[in-house]
2 protein chains.
Amino acid sequence: MTVTGTEFKRGLEGVIADQSSICLVDGVEGKLYYRGYSISDLVGCTFPEVTYLLLKGKLPNQKELSEITHKLREKRSIPRFIIDIIHSLPKSAHPMEVLQACVAALGTAHHDDEPLEEKIITLISQFPIICASYYRYKKGQAVVPSSQDESEGGHFLQILKDAQSDKEEARIMETCFILHMEHGFNASTFAARAIGSTLAPYHASISGAVGSLYGPLHGGANEGVLDIVKEIGSPENVSAWVKKALQEKRKITGMGHRVYKVKDPRAYILEDLLKSCAEKTGNTKNYEILKELEVTMKLEMEKRGKPIYPNVDFFSGALYNLLGIPRELFTPLFAIARVVGWSAHLVEMWQDNRLYRPKLLYQGTRDEKFIPLKNRRS
Amino acid sequence: MTVTGTEFKRGLEGVIADQSSICLVDGVEGKLYYRGYSISDLVGCTFPEVTYLLLKGKLPNQKELSEITHKLREKRSIPRFIIDIIHSLPKSAHPMEVLQACVAALGTAHHDDEPLEEKIITLISQFPIICASYYRYKKGQAVVPSSQDESEGGHFLQILKDAQSDKEEARIMETCFILHMEHGFNASTFAARAIGSTLAPYHASISGAVGSLYGPLHGGANEGVLDIVKEIGSPENVSAWVKKALQEKRKITGMGHRVYKVKDPRAYILEDLLKSCAEKTGNTKNYEILKELEVTMKLEMEKRGKPIYPNVDFFSGALYNLLGIPRELFTPLFAIARVVGWSAHLVEMWQDNRLYRPKLLYQGTRDEKFIPLKNRRS
C-alpha cells in the first residue's frame with residue numbers, strides 16, 4: 001500500500017532501517033557472524049575478547065585483551081545508591097524490572113563528558129551484579145562482594161551463589177554469554193537504537209532495551225521450553241506429546257526461527273554443552289527429552305513439508321537449570337550478554353547518527369464538531 | 001535502494017510503520033487534531049477531559065468526566081519505595097533520568113492482571129509527583145503532599161511550590177499540558193510502541209519513552225530558545241542578531257518543523273498565553289524579543305524563499321519561566337503531558353499487536369579467518 005510516496009509496512013516488516021557492520025545472521029546456511037567471525041570460532045574466546053571484537057570491530061591482541069579483561073574486572077561494583085534502590089524495591093519484582101530501573105538510575109552516576117567506552121565497560125560489569133544482588137535480596141541473602149580473579153562467567157556464578165565457581169561451569173557460563181551477546185536487529189537492539197537516535201544518553205538507551213527484552217515476544221522463551229520438558233516428563237512420552245501438540249496446532253517454544261531456516265548455530269553449541277554437563281552430573285533426563293523432542297519434531301514436520309529446528313532457546317533453559325540458575329534469571333542472563341551487542345550498536349550508530357522517524361497511517365476522523373460538555377449525551 | 005525485496009530507508013524516513021486513529025497533524029494547513037477534534041477546540045477543556053478523549057476515542061459526558069477527574073485526583077501519590085529511590089539518587093541527576101528510573105521501578109508495584117486503564121490513570125497522576133519531588137529534594141526541600149482540590153495544572157504548581165496555586169496560572173499550566181499531550185509518531189511515542197510491541201509491560205514501555213524524550217533531538221528545545229532570548233537581550237537587538245545568525249547559517253531553535261509548513265497551531269495558543277501572562281506580570285521583555293524574532297525571521301526567510309515559523313517550543317520556555325518553573329523541569333513538563341499520548345498509543349496498539357521488526361543492511365565482512373590470540377599482531 002503506497003500513500004503519497006511512502007509505504008505502509010506494518011510492524012516495519014521487510015524495511016531496512018539502517019546499516020551496520022556488527023552482525024550477520026545467515027539464516028539459510030545457519031551461520032552467525034560477529035564482525036565477520038563465525039560464532040563457532042568465537043566460542044573458545046573469553047567474554048572480554050568477544051566484547052572487544054564487538055565494540056571495536058577487530059580481535060584484540062595480547063595487550064589489548066589484558067587491558068579490557070583487567071578493566072572489566074576492576075569495574076565490578078555498583079554505587080551504594082543502586083544497592084539502596086535494589087533493597088527498597090518490592091520483593092515481588094521481576095529482576096528485569098529491577099534491571100531496567102537500575103540502568104536508568106546508573107546514568108545519574110556518570111558525567112556527560114565521560115568517554116562512552118568507559119560508561120560501556122562499567123555498565124557491562126554492573127549488569128551481573130544488579131541481577132545477582134536483587135535475586136539474593138529477594139531470597140533474604142546478602143550482596144556478595146565481587147571476586148577480581150574470576151572470569152566473567154565465573155564471576156556471575158560466584159556472586160549468585162556466594163562460592164568460588166567451578167572452573168568448568170564458569171567456562172560454560174562464559175560460552176553462553178558469548179552466544180547471546182549479539183544477534184543483529186532483534187527487538188531490543190532496535191529499541192536501543194531507536195531511543196539512542198534521539199541522542200538520548202547511553203544509559204537511557206540501554207534501559208529501554210532492557211524493557212524491550214522483558215517483552216514475552218522477545219526474551220523469556222527458554223523458560224517456556226522448561227515448561228514443555230516438565231509437561232512431557234520422560235523421553236518415552238515425547239512421541240505421544242508431539243502427536244497431540246501437532247493436532248492442537250500448538251506452537252512449540254524453542255523451535256523455529258524467523259531468520260534461521262535450519263538449526264540455529266547456537267543451538268548446536270548449547271546442545272553439546274548441555275550433553276556434557278548432563279553426563280557429568282548424571283542428570284541426563286531433560287537432555288534426553290529435548291533430544292527426543294528435536295528428532296521427533298523434525299521427522300513429523302518433514303512429513304508435512306515444513307521441517308522445524310531448535311533455536312537458541314531450546315537447550316539453554318535446561319543447561320542453566322543444571323548450572324543451578326533459577327528460572328527468573330534466564331532473561332536477565334540474556335541481558336547480561338546482550339548489553340555488549342546493544343552497546344556496540346550505539347557506538348556504531350552515534351558515529352553517524354540519524355533520528356529514526358517512521359510514520360503512522362492515520363485511520364481516524366477529522367474536523368469532528370466539538371460539543372460542549374453540557375450538551376454531551378450521557 | 002532495494003535489497004532482495006526489502007527497501008533501505010535510513011532512519012525509517014518515509015516508512016509507515018503502523019496505523020492509528022489517535023492524532024492527525026496537518027502540516028500544510030497547520031492543524032492538529034486529537035481523535036478528530038481540533039486542538040483549538042480542546043484548549044478550553046480540562047486535563048482529565050482530553051485524557052479521556054485520547055484514551056477512549058470520544059469526549060466524556062458529565063458522568064464520565066467526573067469519574068476520570070476524581071480518579072486522577074485519588075491516585076495522586078507515589079509508593080514509599082519511590083520516595084526512597086528519589087532520595088537515594090545523586091542530586092546531580094537530571095529529572096528525566098530520575099523519571100525514567102522511577103517509571104521502570106513503579107512497574108514493580110503493579111500486578112500483571114491489574115487492568116491496563118488502572119495502571120495508566122495511576123501513572124499519569126504520578127508523573128508530576130515524581131518530577132516535583134525530585135526537584136524539591138535536590139533543593140533540600142521536603143516532598144509536598146498532594147492537594148485533592150487542585151486541577152491537574154494547579155496540582156503540579158502546588159506540589160512544586162508548596163503553595164495553593166493561582167487560579168489563572170493553574171489554567172495556563174493545564175492548557176500547556178493539553179497542548180503537549182499528543183503529537184502522532186514522534187520519537188518517544190515510536191519508542192513506546194517499539195518496546196510495547198514485544199508485549200513488554202506498560203511501565204517498561206513508558207520508561208523507554210521517557211528515555212527517548214530525554215534525547216536532545218526530541219525534547220529540550222524550549223530550553224534552547226531561552227538561551228537565544230538571553231543572548232539577544234532586548235527587542236532592539238533582534239535585527240542585528242538575526243542578520244548574524246543567518247550569515248553563520250545558524251539553526252534557530254524553536255523555529256521550523258519537519259511536518260508543519262506554517263506556524264504550529266500550538267504556537268498561536270502559547271503565544272496568546274505568554275502575551276497575557278507577560279502583561280499581567282509586567283514582565284514583557286522576553287515576549288517582545290520573541291515576537292520581534294518571529295517577525296524578523298519570517299521576513300528575512302521569505303526574502304530567501306524559505307519562510308520559517310515558530311514551533312511549539314518557541315514560546316513555551318518563556319511562558320514556563322513566567323510561571324516560575326525552573327528550566328530543568330521543561331522536558332519533564334513535556335513528559336507529564338505526553339504520557340497521556342504514549343498510553344493512548346499502547347492501548348490502541350495492544351488491541352491488535354504486531355512486533356516491530358525492521359532490518360539492518362549488513363555492510364561488514366564475512367568468513368574472516370580466525371587468528372588465535374598468540375598469533376595476533378600487537
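Look a little higher up for the structure.
Residues numbered from 1 in each chain as written. Chains lettered and ligands numbered in written order. Predicted model: local features only at pLDDT ≥ 70, side-chain atom pairs only at ≥ 80, totals over all residues. Heavy atoms only, no water.

Caption draft 1: Structural detail: the sheet that holds strand E6 (residues 37-38) of chain B. With respect to topology, three strands assemble into an open sheet ordered E4-E5-E6 (chain B), the strand pairing being antiparallel. Whereas interior strands pair on both sides, the edge strands pair on one side only; in this sheet they are strand E4 (23-26) and E6 of chain B. (Pairing = 2+ DSSP bridges. Helix = DSSP H or I, 4+ residues; strand = E, 2+ residues; numbered from the N terminus.)

Caption draft 2: Representation of the packing of helix H13 (residues 265-281) of chain B against helix H14 (residues 285-303) of chain B in the model. All names here are of chain B. For the pair H13 and H14, the least separation of the axes is 10 Å and the interaxial angle reads 145°. Judged by residue contacts, Glu271, Leu274, Lys275 and Ala278 of H13 engage Tyr287, Leu290, Lys291 and Glu294 from H14. When its residues are assigned to classes, the contact of H13 with H14 shows four nonpolar, no polar and four charged. (Axes fitted to C-alpha atoms, helices over the stretch in contact; angles between N-to-C directions. Contact = heavy atoms within 4.5 Å. Nonpolar A, V, L, I, M, F, W, Y, C, P; charged D, E, K, R; others polar.)

Caption draft 3: Main features of the interface of chain B and chain A. With 98 residues of chain B at the interface, the matching set in chain A holds 98 residues. Both faces combined, the contact of chain B with chain A buries some 9400 Å², and carbon together with sulfur accounts for 60% of it. Area buried by chain B at its contact with chain A is led by Arg10, Ile16 and Leu360 of chain B, which between them contribute 9% of it. Linking chain B to chain A there are twelve salt bridges. (Buried area = accessible area lost by both parts, 1.4 Å probe. Salt bridge = Lys/Arg side-chain N within 4 Å of Asp/Glu carboxyl O.)

Caption draft 4: Spatial organisation of the sheet that holds strand E6 (residues 37-38) of chain A. Residue and element names in this part refer to chain A. The strand order E4-E5-E6 describes an open sheet built from three strands, whose pairing is antiparallel. Looking at strand neighbours, the two that pair on one side only are strand E4 (23-26) and E6, the edges of this open sheet. Sheet analysis places strand E5 (residues 31-34) next to E6, joined by two bridges and oriented antiparallel. Across the sheet, residue tyrosine 33 finds its bridge partner in E6, namely serine 38.

Caption draft 5: Representation of helix H15 (residues 313-322) of chain B in the model. All names here are of chain B. Of all ten residues in H15, nine are buried; the element is thus mostly enclosed. Of the positions making up H15, those classed as buried are Asp313, Phe314, Phe315, Ser316, Gly317, Ala318, Leu319, Tyr320 and Leu322. Lining the buried residues of H15 we find helix H8 (167-180), helix H11 (221-232), H13, H14 and helix H16 (330-350). A positive backbone phi angle near 80° is found at glycine 324, which sits one or two residues after H15. (Buried < 20%, exposed > 50% of the residue type's maximum accessible area, 1.4 Å probe, protein only.)

Caption draft 6: View of the pattern of salt bridges. Residue and element names in this part refer to chain B. In total, this model carries 66 salt bridges over all chains according to the counting rule given. Between lysine 263 and glutamate 271 there is a salt bridge whose closest N-O contact spans 2.5 Å. Since its relative accessible area comes to 9%, glutamate 271 is described here as buried. Lysine 291 is the salt-bridge partner of glutamate 271, the closest N and O atoms lying 2.7 Å from each other. Here the residue glutamate 271 occupies a position in helix H13, and lysine 291 occupies one in helix H14, the gap between them amounting to 20 residues.

Caption draft 7: Representation of the relation of the copies chain B and chain A within the structure. You can overlay chain B on chain A at an RMSD of 0.0 Å; the transform is a turn of 180° with a shift of 0.0 Å along its axis. Given the turn and translation reported, the copies of this chain are related as if by a two-fold rotation axis. Residue by residue, 100% of the interface of chain B is reproduced at the interface of chain A, so both copies engage with the same surface. (Least-squares fit on C-alpha atoms with pLDDT ≥ 70 in both.)

Caption draft 8: The packing of aromatic side chains, seen in detail. A full pass over the atoms with the stated rule returns 17 aromatic pairs over all chains. Pairing phenylalanine 47 of chain A with phenylalanine 177 of chain A gives two aromatic rings, centres 5.8 Å apart and planes at 90°, and the pair type is edge-to-face. Of this pair, phenylalanine 47 of chain A sits in helix H2 (residues 47-56) while phenylalanine 177 of chain A is found in helix H8 (residues 167-180), placing the two residues 130 residues apart along the sequence. Across the pair, exposure class does not vary: phenylalanine 47 of chain A and phenylalanine 177 of chain A are buried alike. Ring geometry for tyrosine 134 of chain A and tyrosine 137 of chain A: centres 5.9 Å apart, planes at 50°, overall tilted. Taken together, the residues tyrosine 134 of chain A and tyrosine 137 of chain A, both in helix H6 (residues 116-138) and three residues apart, mark about one turn of the helix. An aromatic cluster of three or more residues is present, and its members are Phe185, Phe190 and Tyr356 of chain A together with Phe185, Phe190 and Tyr356 of chain B. (Phe/Tyr/Trp six-rings, centres within 6.5 Å; stacked < 30°, edge-to-face > 60°.)

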